[in-house]
Amino acid sequence: MSTRTRIAGVLVVVALVAAAATGTGLAASDGVQSVAQPNAPAVDTRQAQVQQQTQTQMQAEYCTYPNNATYESFGVSNLSAPAGVEAGEPVTVSADITNPNDVPMIQCVEFRLEGDVVVRTGWALNPNETETIAFEVNTTGLEDGTYIHGVETRDFGELATLTVGEQPEPEPEEPTATLQFDDQESDGSNVTVASANLSEGGYIAVLDENGSVLGATDYLEPGEQENVTVPLLEPLNESATLTAQAHLDTNDNQTLDFLTSNGTEDGPYTVNGTPVTDDAEVTVSEEPTTEEPTATLQFDDQESDGSSVTVANANLSEGGYIAVIDENGSVIGATDYLDAGDQENVTVPLLEPLNESATLTAQAHLDTNDNQTLDFLTSNGTEDGPYTIDGTPVTDDAEVTVGEEPTTEEPTTEEPTTEEPTTEEPTTEEPTTEEPTTEEPTTEEPTDEPTASVAFEDQNSNGFRVTVASATLSEGGFVVIHNESGDVIGVSNYFEGSDSNIRINLIEPLEESATLTAMAHFDTNGNELFEFVSSDGADDGPYTTDGSPVTDDAEVTINEEPTTEEPTTEEPTTEEPTTEEPTTEEPTTEEPTTEEPTTEEPTNETETPPPTETPPPTETPIDNGTEN
């Protein structure tokens, strides 16, 4: 559709009639028909009507109306004109003119003001063709007021109003913005907005599914932007649907103050009151998979002088430390920083000498803050935490024997020699009666079904670990500790057969006394890793008897005041003398010695020295004094 223009003064009209139909093959006049001078002074409406008649006569040869029903009148549509104008400013009025007939023809088209014809011109159109006609109207000399005007043909027309006079200040155009935020993969540190156009400049914020701001750009200049990187405040750990939102810079300080101002500054661009946004599925690429750091430890039973212990083998994938923990969960020693990789025969110095044999635990620790100093204790556990497998610290236990007192036991071995004759008599009868009848038939009867037993006794604990008295797992596996809700709160290392005094570190410290359950579990996939929880129960299920898991319960009492018991142990020192007075009972135990001589009467003369050994009663008060 093409556009042709007519210029008309309201009272002084210049009609530029270019009656050429573009590409239609119609003959068209290329002359300019002038009705009056373009800038002549305005006259009254009556004079305009006279000039209108003159114009009509001059255009008569170009302008006709169909005088019968053979041809339809040209149609008028899409009238366009401003609603108001200052007096003296030009106005453009346009409309679409359509020839509905099947033959080309010229028909009259009129511009009218207040019902009076201001311009009438002939317009040539091909069959079913539509063109836009435009009239340029000079409003010089018009009084302030509102006028009705329009474009008309023989049968059709469209009208509008034009207000002449002082116009109100135009409202500023609303700022506009567009965003294109495509689905993408990300390493979790930032996202990319494919394109953005902010008419007033501003920012792009990225929101999560809860509407919280995860990140934002620096100030962006007005206009089109492509591939805009939006850094995130914290790394994105998992894939999510995110929203990009365009924000204004309402206070012109080029700093996004939307959050710090509680939304009063730098609000979003809007369309009909709705923020300008676009959503995208952001997939966090799992290339690095943040491979979990791994560690293995081999802490063998050993003898020690009490100043250090040795870990036979350790492999820390990220480097770190090996801490040694006593049975109460207290750290009693640690290595310096160890480089990543395999280490053998690692010596762990102890903070204080070990005075007696004990079961100790070696635990692998990360260097989370990369300062090569073990800060696990000083940071209350927030730094340099342990390596874990399925949430359980990587540990290994060892019986550490402090071998400095071999001589103290030798004298004690001499005394039992006097008791051997008395103890031998009962021992000869017991094995013959009990051993063959009770245990042998029960152990041979089970079919090849796996069996397990667990003995979990009531105990005191510091909250960091518990001890299972004994367990037997015919196929090997784990002893798992459950709380009263059934949650797994601790797992033993893998073992086969029977074990006793199994110390199990708890995943999180137990803060109050509770009833806990020890449960025997298989290692169904043979990898010696407990995966019952991570596999949603598909692997490493429990041993069962008649369909019920093999378990045992224990009351675990959290004992937080061990120091308060020490003074109570001192009080009995006042009672010891009273309890030791019944030394009269000791002679009763020694009376059998008087019977022995009766059996050994022939040796009475040779054994006269034993009466010299009766002074032990005189030694007991001496011993009591030393023990006090």
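### Re the overall build of the chain
Move 1: Of regular secondary structure, the chain possesses 7 helices and 38 strands.
Move 2: Buried positions account for 35% of the 628 residues belonging to the chain.
Move 3: Surface exposure of the chain reaches about 36,600 Å², of which carbon and sulfur atoms provide 47%.

### Examining the nonpolar core
Nonpolar side chains in soluble globular proteins generally cluster together in the buried interior.
Move 1: Of all hydrophobic cores here, the largest spans 25 residues; its most connected members are L297, F299, V309, V311, I322 and L360.
Move 2: Elements that contribute at least two residues to this core include exactly β20 (295-298), β22 (308-316), β23 (321-325), β25 (341-349), β26 (358-365) and β29 (395-402).
Move 3: The residues contacting V311, other than those within four sequence positions of it, are L297, Q298, F299, I322, E344, N345, V346, V348 and A362.

### Quick look at the side chain of H521
Move 1: Mapped onto the elements of the fold, H521 is located in strand β35 (residues 514-521).
Move 2: At 2.8 Å, the side chain of H521 forms a polar contact with the backbone oxygen of D540.
Move 3: Ignoring sequence-local partners within four residues, the contact set of H521 consists of L473, G476, G477, F478, V480, H482, F530, F532, D540, G541, P542 and Y543.

### A look at the environment of A83
Move 1: With respect to the helices and strands, the residue A83 is situated in the loop between β2 (75-80) and β3 (84-85).
Move 2: Remark: the alpha-carbon pair of A83 and A160, spanning 77 residues in sequence, is separated by 8.0 Å.
Move 3: In contact with A83, not counting residues within four places along its chain, are T161, L162 and T163.

### Description of the confidence of the model for the chain
Move 1: Looking at the chain, the pLDDT average stands at 78 and 70% of residues meet or exceed 70.
Move 2: Considering only residues more than four positions removed or in separate chains, one finds that residues 561-628, a stretch of pLDDT under 50, has 12 contacts.

### Points about the pattern of salt bridges
Move 1: One pass over the structure, following the stated rule, counts 5 salt bridges.
Move 2: The partner of R120 in a salt bridge is E110, with the nearest N and O atoms 2.6 Å apart. With R120 in strand β6 (residues 116-125) and E110 in strand β5 (residues 105-113), this residue pair connects regions lying 10 residues apart in the sequence.
Move 3: Classification of E110 as buried rests on a relative accessible area of 3%.
Move 4: For R154, the salt bridge goes to D155, with nearest N and O atoms at 2.7 Å.
Move 5: Taking the relative accessible area as the measure of exposure, R154 reaches 31% and is therefore partly exposed.
Move 6: When salt bridges that share partners are traced, they join E110, R112, R120 and E152 into one network.

Rules used throughout
The numbers attached to residues start from 1 for each chain and follow its sequence in the written order. Residues qualify for local features only when their pLDDT is at least 70, as the model is predicted, and side-chain atom pairs are given and counted only at 80 or more; totals for whole chains, interfaces and linings, by contrast, use all residues. Note that water and hydrogens are dropped before the side-chain values are worked out from all heavy atoms of the structure. In DSSP terms, a helix is any run of H or I states spanning at least four residues, a strand is any run of E spanning at least two, and both are numbered starting from the N terminus. Buried residues are those whose accessible area, probed at 1.4 Å on protein chains only, stays under 20% of the maximum for their type, while exposed residues exceed 50% and partly exposed ones sit between those limits. Areas reported as accessible are Shrake-Rupley estimates using a 1.4 Å probe. Residue values count occlusion only from the protein chains shown. Here, nonpolar core refers to any group of buried Ala, Val, Leu, Ile, Met, Phe, Trp, Tyr and Cys residues whose side-chain atoms link them within 4.5 Å. Between two residues, a contact is recorded if the distance between any of their heavy atoms is within 4.5 Å. Two N or O atoms form a polar contact when they lie within 3.5 Å of each other; inside protein one atom must be a possible hydrogen donor and the other a possible acceptor, and for residues adjacent in sequence the pair counts only when both atoms belong to side chains. Known as pLDDT, the predictor's per-residue confidence is scaled from 0 to 100. Salt bridges are counted wherever a side-chain nitrogen of Lys or Arg sits within 4 Å of a carboxyl oxygen of Asp or Glu.

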